[in-house]
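For reference, the chains in residue letters:
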Amino acid sequence: MVFEIQEQVDLTPYNSFGVSQMAAYFADIQDPSDLRQAREFAALNRLSVLVLGQGSNTLFINDYPGLVLYMNNRGRQMLPGAGMLRAAAGESWHEIVRYCLKNSLYGIENLALIPGTVGAAPVQNIGAYGVELDQFFVELEAFDLKTGEIRHMSKADCQFAYRDSIFKQDPGQKLVILSVTLQLALEPALEIGYAGLADVLAGQQVTPQSVFDAICAIRSSKLPDPKQIGNAGSFFKNPLVSKAKLLSLRESYPELPAWNTEDADLVKVPAAWLLDQKGWKGRRRGGAAVHEDHALVLVNRDNASGEDVVLLAQEMSSSVLQSFGIVLQTEVQII
Ligand code: EPU
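The rules behind the values
Along every chain, residues carry numbers that run from 1 in the direction the sequence is written. Residue-level local features of this predicted model are given only where pLDDT is at least 70; pairs of side-chain atoms are given and counted only at 80 or more, and the full residue set underlies all totals for whole chains, interfaces and linings. Side-chain measures were taken over the full set of non-hydrogen atoms in the model, leaving aside hydrogen atoms and water. Numbering of helices and strands runs from the N terminus; a helix is a DSSP stretch of H or I covering at least four residues, while a strand is a stretch of E covering at least two. Categorising residues by exposure relies on relative accessible area from a 1.4 Å probe, with only protein chains included: less than 20% of the type maximum marks a residue as buried, more than 50% marks it as exposed, and the intermediate range marks it as partly exposed. Salt bridges are defined as contacts in which a side-chain nitrogen from Lys or Arg sits within 4 Å of a carboxyl oxygen from Asp or Glu. These domain limits were set by an automatic method or by a database of domain assignments. Here, residues are in contact when the closest pair of their heavy atoms is within 4.5 Å. Throughout, the accessible surface (probe 1.4 Å) given up by two parts as they are put together, summed over both, is called the buried area. We define a polar contact as two N or O atoms separated by no more than 3.5 Å, with the added condition that, inside protein, one atom must be a possible hydrogen donor and the other a possible acceptor, whereas residues neighbouring each other in sequence contribute only through side-chain atom pairs. Gly is put with the polar residues, along with every residue not named as nonpolar or charged; the nonpolar set is Ala, Val, Leu, Ile, Met, Phe, Trp, Tyr, Cys and Pro, and the charged set is Asp, Glu, Lys and Arg. Any two strands between which DSSP finds at least two bridges are classified as paired. Each axis is a line fitted through C-alpha atoms, taken for helices only over the stretch in contact, and angles between the N-to-C directions span 0 to 180 degrees. Put simply, a residue is near a molecule or strand once any heavy atom of it comes within 4 Å of that molecule or strand. Residue-level accessible areas treat just the shown protein chains as cover; the underlying method is Shrake-Rupley with a 1.4 Å probe.

Student: Before we go on, may I ask you to explain the environment of alanine 24 in this structure?
Tutor: Inspection of the secondary structure puts alanine 24 in strand β2 (residues 22-29). Residue classification places alanine 24 among the buried positions, given a relative accessible area of 14%.

This is how it looks when you write it as structure tokens:
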């Protein structure tokens, strides 16, 4: 395909919230070598650059005045090391999970049905049901928009943390992820400790396939499908609080759940639980709403603008701050 930069492109199909904002310039990148031309175009016209996969963690609140690079390169390849798979950034993450299962490569079953692309997975170090991407991550290839060179980045280079990595910060944002290499296990290594997962599996043989099926069933029952109703999964991160703070909160809220973290002084508490106490499920502001079944998920109920969603999110976080003294941070990137 001839490389082309389009002008004034409606981003509705390119963000899972389905909000309508325009990109001044837009390029569908199927061949990573086109990034050189895209970089020159942006430099010449002094444009900022935004990299998008399926836009499943992005909320647009304004038109984007620069160049959007829609990463749409495909390909998967087994590398010489046993269980080592390289996948192109534009591949669908869920399809890679299915491909691994079919080819007896194990470990990422719990990450089934996470919307988005392979290239987006390291940006927020996707995680679910006790498993995080960084456990399987070997390296990635990225195009450096500053220098025009290809970089190979190790796990340490990526600075992974809970829903975070160097790609969410500057200078990381100048890097366009082209492919990701994962090390999968050749023998099943199942993680079924997450609350609720073992219950769904009760009475069944626990195999990679049954865990994959259980994860798909749990996600489908709790989380809305972005193809049916616009959303970006969890809107906020689960906050970390000190153990002292947890004890004082539990005087008023003895049921407040909490999980230990690597830091002995800090626990993670579910933002959904805090929001649920404040009655947020199902509430609406303009076209935006909180999902009826999950208080952490904001949805585009009826032609919501990005601003509707953000205003609702601000009200939600203020109510949590007021009642619990906890600051919620957004997980979704607001552009
Ligand atoms: N809960 C409520 N009310 C609700 C929803 C949940 O009280 O409306 C309670 C649940 O009972 C449970 C706790 O909150 O005690 C946690 O709920 P859940 O298991 O649904 O997980 P979560 O903490 O809300 C996180 C991730 C999800 C991931 C699940 C499963 C974050 C921000 N979110 O959600 O990831 O799928 O755990 O591992 O860490 C995403 O990042 O977009 C995402 C969906």
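More follows now that the structure is in view.
Student: Sorry if this is basic, but what is going on with the pattern of salt bridges here?
Tutor: Between side chains of opposite charge, pairing is possible as soon as their charged atoms come close. All told, the structure shown has 7 salt bridges when counted by the stated rule. Among the salt bridges present, the one from aspartate 276 reaches lysine 281, with a minimum N-O distance of 3.2 Å. You can call aspartate 276 partly exposed: its relative accessible area is 33%. Residue lysine 281 is classed as partly exposed on the basis of its relative accessible area of 34%.

Student: Please clarify how the domain arrangement of the chain should be interpreted in this entry.
Tutor: A common measure of how large an interface is: the accessible area buried when the components associate. As far as domains go, the chain holds domain 1 (5-71), domain 2 (76-183) and domain 3 (230-334). Taken together, the contacts link 7 residues of domain 2 with 5 residues of domain 3. Contact between domain 2 and domain 3 buries roughly 560 Å² in total, counting both sides, with carbon and sulfur atoms accounting for 40%. It is Tyr162, Arg163 and Lys168 that lose the most area in domain 2 upon contact with domain 3, and together they represent 77% of the buried surface on that side. Across the domain 2-domain 3 interface, the total number found is 1 salt bridge. For the salt bridge of arginine 163 with glutamate 331, the shortest nitrogen-to-oxygen distance reads 3.3 Å. The tally of links between domain 2 and domain 3 comes to 3 residue pairs in polar contact (both at pLDDT 80 or more). For the side of domain 2 that touches domain 3, the per-class residue count stands at 2 nonpolar, 2 polar and 3 charged.

Student: I'm lost on the sheet that holds strand β1 (residues 6-10) in this one. Help?
Tutor: Remark on secondary structure: sheet strands pair via backbone hydrogen bonds, oriented parallel or antiparallel. The 4 strands are arranged β1-β2-β5-β3 in an open sheet whose pairing can be described as mixed. The sheet is open, and its two borders are formed by β1 and β3 (49-52), each paired with just one other strand. Neighbour-to-neighbour, the strand axes of this sheet turn through a mean angle of 45 degrees, independent of strand direction. Alignment of β1 against β2, held across 4 bridges, turns out to be antiparallel. Counterpart to glutamate 7 in the pairing with β2 is tyrosine 25. On the sheet, helix α1 (residues 35-44) packs against β2, β3 and β5 (64-71) and is oriented at approximately 175 degrees with respect to β5.

Student: It is not clear to me how the site of the ligand should be interpreted in this structure. Could you clarify?
Tutor: Around the ligand, a shell composed of 23 residues is seen, among which Tyr129, Tyr162, Asp276, His294 and Glu331 lie nearest. Here an oxygen atom of the ligand and a side-chain polar atom of arginine 163 are 2.9 Å apart. Contact between the ligand and alanine 295: an oxygen atom at 2.9 Å from a main-chain N or O atom of the residue. Protein chains bury 83% of the 830 Å² of accessible surface belonging to the ligand in isolation. Broken down by secondary-structure element, the contributors of at least two residues to the shell around the ligand are α5 (208-222), β13 (230-234) and α7 (271-277). In terms of residue count, α7 provides more of the shell around the ligand than any other element does, 3 residues in total.

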